[in-house]
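Working through the structure, step by step
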Amino acid sequence: MLVLPAELTRLQATACLQMLVQGLRTETGTAVLVDAAALGRFDSAALAVLLELRRESRAVGKTVAIRSMPDRLRDLASLYGVAELLPAG
């Protein structure tokens, strides 16, 4: 399981994505679960990171699901029309 940090804004986005992609490479199954329970402070960069992680995972034949996505982030994903790309896990 991959874990999002407590804070994920544009300032942390690049480093967080690098960490998640590295973790993605070590996941043995085809379904990757991302735990967002700790995520408390974020902006739209969090969505960008999750969407890029989804793209990276699809490139290697894996799927991504998000566990414990904060309601505000789910609302933001709906507003941008990408909620269906980030299924709950």
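Everything that follows concerns the structure shown earlier in this document.
So, here's what we can say about the structure. (Residues numbered from 1 in each chain as written. Predicted model: local features only at pLDDT ≥ 70, side-chain atom pairs only at ≥ 80, totals over all residues. Heavy atoms only, no water.)

1. Notes on unusual backbone geometry
Here the phi dihedral of S68 falls at roughly 60°; this positive angle occurs in a residue that is not glycine. Along the chain, the position of S68 falls in the loop between β5 (63-67) and α3 (71-79). For S68, a relative accessible area of 42% corresponds to the partly exposed category. (Helix = DSSP H or I, 4+ residues; strand = E, 2+ residues; numbered from the N terminus. Buried < 20%, exposed > 50% of the residue type's maximum accessible area, 1.4 Å probe, protein only.)

2. Focus on the nonpolar core
Judged by nonpolar contacts, the single largest core of 28 residues is most densely connected at L4, V34, L50, L53, I66 and L73. Of all the secondary structure elements, the ones that give two or more residues to this core are α1 (13-26), β3 (31-35), α2 (44-59), β5 and α3. The biggest single contributor to this core is α2, with six residues. If near-sequence neighbours (up to four positions away) are discounted, I66 is found in contact with V34, A36, L50, L86, P87, A88 and G89. (Core = buried A, V, L, I, M, F, W, Y, C linked by side-chain atoms within 4.5 Å. Contact = heavy atoms within 4.5 Å.)

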